[in-house]
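Next come the chains, spelled out residue by residue.
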Amino acid sequence: MEKLAIHGGKPARSKPLPPNYPGAVVMGDEEAQAAAHVITSQSPFRYYGPEVNYMVKALEDQMSNDLGIPYVLGVSSCTAGLVVALKALGIGYGDKVIVPANTFIATAGAVVCSNAVPVFVDVDDSLNMDPDDLERVMDDEVKAIIAVPILGNPCDMQRIMKFAEKYNIYVIEDVAQSCGIKNNGRFAGTIGHIGVYSFQMNKIITTGEGGAVVTRSAEIFERAVRYHDQGMFRDKQRFNIHFSDEDHAIVGQNYRMSEITGAVALKQWGKLDEILSSMKRHYNKISQALSSELPGLQFRKVTDPLGDIGSNLGMILPTQDIAEQFTNALNAENINTNILYNGKPIYMVPQLFHQRTADKNNFPYDYPFKHPVKYTEDMCPRAVDLIARTVYLPVSPVLKEQDVEEIIAGIIKVYKGVMGGRG
Ligand SMILES: *Cc1c(COP(=O)(O)O)cnc(C)c1O
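- As recorded by an unreviewed UniProt entry, the protein chain carries the name DegT/DnrJ/EryC1/StrS family aminotransferase and is attributed to Paenibacillus solisilvae.
- Per its UniProt entry, the protein chain bears the Sequence similarities (unreviewed entry) comment "Belongs to the DegT/DnrJ/EryC1 family."

**What about the sheet that holds strand S4 (residues 142-147)?**
Next, step 1: Reading across from one edge, S1-S9-S8-S5-S4-S2-S3 is the order of the 7 strands in this open sheet, with mixed pairing throughout. The open sheet is flanked by strand S1 (71-75) and strand S3 (117-121), the only strands paired with a single partner. Taken pair by pair, the neighbouring strands of this sheet meet at an average axis angle of 25 degrees, ignoring direction.

**Brief notes about the environment of Asp95**
Next, step 1: Along the polypeptide, Asp95 turns up in the loop between helix H3 (78-88) and strand S2 (96-100).
Next, step 2: As a C-alpha pair, Asp95 and Ala144 span 49 residues in sequence and 8.7 Å in three-dimensional space.
Next, step 3: From its side chain, Asp95 meets the backbone nitrogen of Gly92 in a polar contact 2.9 Å long.
Next, step 4: Reaching out from Asp95, the side chain makes a polar contact with the side chain of Lys143 at a distance of 2.8 Å.

**Remarks on the site of the ligand**
Next, step 1: As a matter of local geometry, the ligand sits amid 15 residues, with Cys78, Thr79, Asp174, Ser198 and Lys203 nearest to it.
Next, step 2: Taking Gln177, its side chain carries an N or O atom lying 2.9 Å from an oxygen atom of the ligand.
Next, step 3: For the ligand, the protein covers 93% of the area, taking 390 Å² as the surface of the free molecule.
Next, step 4: Contributions of two or more residues to the shell around the ligand are made by H3 and helix H4 (105-113).
Next, step 5: Split by residue class, the shell around the ligand holds 5 nonpolar, 8 polar and 2 charged.

**Describing the pairing of S2**
For a regular strand, side chains alternate in direction, first toward one face of the sheet and then toward the other.
Next, step 1: With 5 of its 5 residues buried, S2 lies for the most part within the structure.
Next, step 2: Of the two faces of S2, the one carrying Lys96, Ile98 and Pro100 and the one carrying Val97 and Val99 are both buried.
Next, step 3: Note that S2 and S3 share 5 bridges and pair parallel. Pairing of Val99 across the sheet is with Phe120, part of S3.
Next, step 4: As a crossover connection, the stretch from S2 through H4 into S3 is right-handed.
Next, step 5: Where S2 and S4 come together, 3 bridges link them in parallel fashion. Bridge pairing in S4 links Ile98 to Ile145.

**So, helix H12 (residues 381-388)**
Next, step 1: Among all positions in H12, only Ala383, Leu386, Ile387 and Ala388 are buried.
Next, step 2: In the core, the buried residues of H12 are packed alongside strand S11 (312-316), helix H10 (320-332) and strand S12 (390-394).

**Describing the packing of helix H9 (residues 272-293) against helix H13 (residues 401-419)**
Two numbers describe a pair of packed helices, the interaxial angle and the distance between the axes.
Next, step 1: Running from amino to carboxyl end, H9 crosses H13 at an angle of 30 degrees, the nearest separation of the two axes being 10 Å. When the axes of H9 and H13 are compared, the pair comes out roughly parallel. Handedness of the H9/H13 crossing: right-handed. In this structure, H9 contributes Arg281, His282, Lys285, Ile286, Ala289, Leu290 and Glu293 to the contact, and H13 contributes Glu401, Val404, Glu405, Ile407, Ile408, Ile411 and Ile412.
Next, step 2: For the contact of H9 with H13, a count of residues per class yields 8 nonpolar, 1 polar and 5 charged.

**Description of the pairing of strand S5 (residues 170-174)**
Next, step 1: Most of S5 sits out of view: 4 of its 5 residues are buried.
Next, step 2: By the bridge criterion, 4 bridges tie S4 to S5 in an arrangement that is parallel. Among the inter-strand pairings, Ile145 is bridged to a residue of S5, identified as Val171.
Next, step 3: Crossover handedness for the path S4 to helix H6 (residues 157-167) to S5: right-handed.
Next, step 4: Of the pairings in the sheet, the one linking S5 to strand S8 (residues 194-198) comprises 3 bridges and is parallel in character. In the sheet register, Glu173 faces S8, and the bridge partner there is Gly195.

**Concerning the domain arrangement of the protein chain**
Next, step 1: Parsing the protein chain into structural domains produces domain 1 (5-17 + 272-343 + 382-422) and domain 2 (29-271).
Next, step 2: Taking only C-alpha atoms, the centre of domain 1 and the centre of domain 2 are 30 Å apart.
Next, step 3: Counting residues at the interface gives 27 residues for domain 1, matched by 32 residues for domain 2.
Next, step 4: Between domain 1 and domain 2, roughly 2400 Å² of surface is buried when both sides are summed, and carbon and sulfur atoms account for 55% of that area.
Next, step 5: At the surface where domain 1 touches domain 2, the tally comes to 2 salt bridges.
Next, step 6: For Asp124, the salt bridge is made with Lys301, and the minimal N-O distance between the two is 3.7 Å.
Next, step 7: For the interface between domain 1 and domain 2, the tally reads 20 residue pairs in polar contact (both at pLDDT 80 or more).
Next, step 8: Among the elements of the structure, H9, S11, H12 and S12 are those that each provide at least two residues to the side of domain 1 that touches domain 2.
Next, step 9: At 6 residues, the largest contribution of residues to the side of domain 1 that touches domain 2 is made by H9.

**Structural notes on the pattern of salt bridges**
Next, step 1: On inspection of all chains with the given rule, the structure shows 27 salt bridges.
Next, step 2: Glu222 is the partner of Arg226 in a salt bridge, and the nearest nitrogen-oxygen pair spans 3.0 Å. With a gap of 4 residues between them, Arg226 and Glu222 both fall in helix H7 (residues 218-228), about one helical turn apart. Across the pair, exposure class does not vary: Arg226 and Glu222 are buried alike.
Next, step 3: The salt bridge partner of Asp385 is Arg389, with a shortest N-O separation of 2.8 Å.
Next, step 4: Exposure remark for Asp385: the relative accessible area of 35% places this residue in the partly exposed category.
Next, step 5: The network of salt bridges with shared partners includes Arg46, Lys57, Glu60, Asp61, Asp235 and Arg238.

Definitions and cut-offs
- Residues numbered from 1 in each chain as written.
- Predicted model: local features only at pLDDT ≥ 70, side-chain atom pairs only at ≥ 80, totals over all residues.
- Heavy atoms only, no water.
- UniProt positions renumbered as here; feature names shortened; annotations may be inferred.
- Pairing = 2+ DSSP bridges.
- Helix = DSSP H or I, 4+ residues; strand = E, 2+ residues; numbered from the N terminus.
- Axes fitted to C-alpha atoms, helices over the stretch in contact; angles between N-to-C directions.
- Polar contact = N/O pair within 3.5 Å; in protein donor to acceptor, adjacent residues only side chain to side chain.
- Near = heavy atom within 4 Å.
- Areas by Shrake-Rupley, 256 points an atom, 1.4 Å probe, with all protein chains shown as cover.
- Nonpolar A, V, L, I, M, F, W, Y, C, P; charged D, E, K, R; others polar.
- Buried < 20%, exposed > 50% of the residue type's maximum accessible area, 1.4 Å probe, protein only.
- Right-handed = clockwise from strand over helix to strand, strands pointing away.
- Contact = heavy atoms within 4.5 Å.
- Parallel < 35°, antiparallel > 145°, perpendicular 65-115°, else oblique.
- Left-handed = near helix turned anticlockwise from the far one by under 90°.
- Domains from an automatic or database assignment.
- Buried area = accessible area lost by both parts, 1.4 Å probe.
- Salt bridge = Lys/Arg side-chain N within 4 Å of Asp/Glu carboxyl O.

Spelled out as structure tokens, the structure:
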């Protein structure tokens, strides 16, 4: 057996993989020029200025066209977009929202910020929301489900939508980690009632900070626009929407996108297809090679392989201990992998677990719910088990063929080394 780098052997790769920022690593002159043009026009605000370029509008129109959905709204972040989405749906104090146990804290945080309370459902072998567990947390205080495709692997939207229809509740898609992902050929984000994208640094395309909200409903869209812009709907004439006149405006916030962000996002959006096809090509090669060479290695289940964008390969190891050895040994080989969220369901972070908010009496958790919301460590046992032993290999769009070969060889070497006599 080859000596592992972690034990002093020669590493599978001589240098680290490209940094895991798919959008940022393909940033270049196009983004620089687009941002510079906004600045030299002295018009960094989307709605007015001496010479507005309408870059946020151009981004929204392009996304609308490419996603096949009528309404798109640029926002300042995905967290902001989730709050806008929840408020657009009329969700607030006294409401519960179903959130998967495996997600970034922002999904649950946005629910609390909207004055509702998250309740958590377990995951299945896809490490996404398990539709079979929805019934367990369902009661008449639940108003929506937030589906979160984790790291490029689609949720089972068909079953989630069916459940939501049965109980007449909303579905929000938090597509932050999975821009470009599809279900049955349709873009995720356009399947539920409202979808939210992120352009933060870690995501598939990036502007550092930024996001977008998408919906088919004119009524939801109008509320989203108003909530994101102090209750105003400034470019109403751009859309043929007349649900509420100014007498019916709602109090909003400022979650607007700047023109600089819009300009950069439009260029990044233009690179999305290339990023996705490159990731998918590498991902297919790596996963095919590993499944034929390592028949014992379990992969994260993929419900819709055509919709999976291939940004990460999830490998499920037999135990948490082996998973930690596996990822540490791979890092020593210069093949960076990771275990998400400290290996724990998101409800285990102290601020959520103890239901601690910035408000008096832990508002909104103080609502006298008919069915009180309590969090316990073991409420989502499969998430507790699986998150801790799932190791993700990020698949960069800028890998070279040699990188791909070295990744395959390195994973085979480390898996055999770590599993050793364990079979
Ligand atoms: C990153 C992320 C967010 C938050 O996105 P921001 O644009 O940073 O606010 C929300 N949900 C998920 C699942 C994420 O991964």
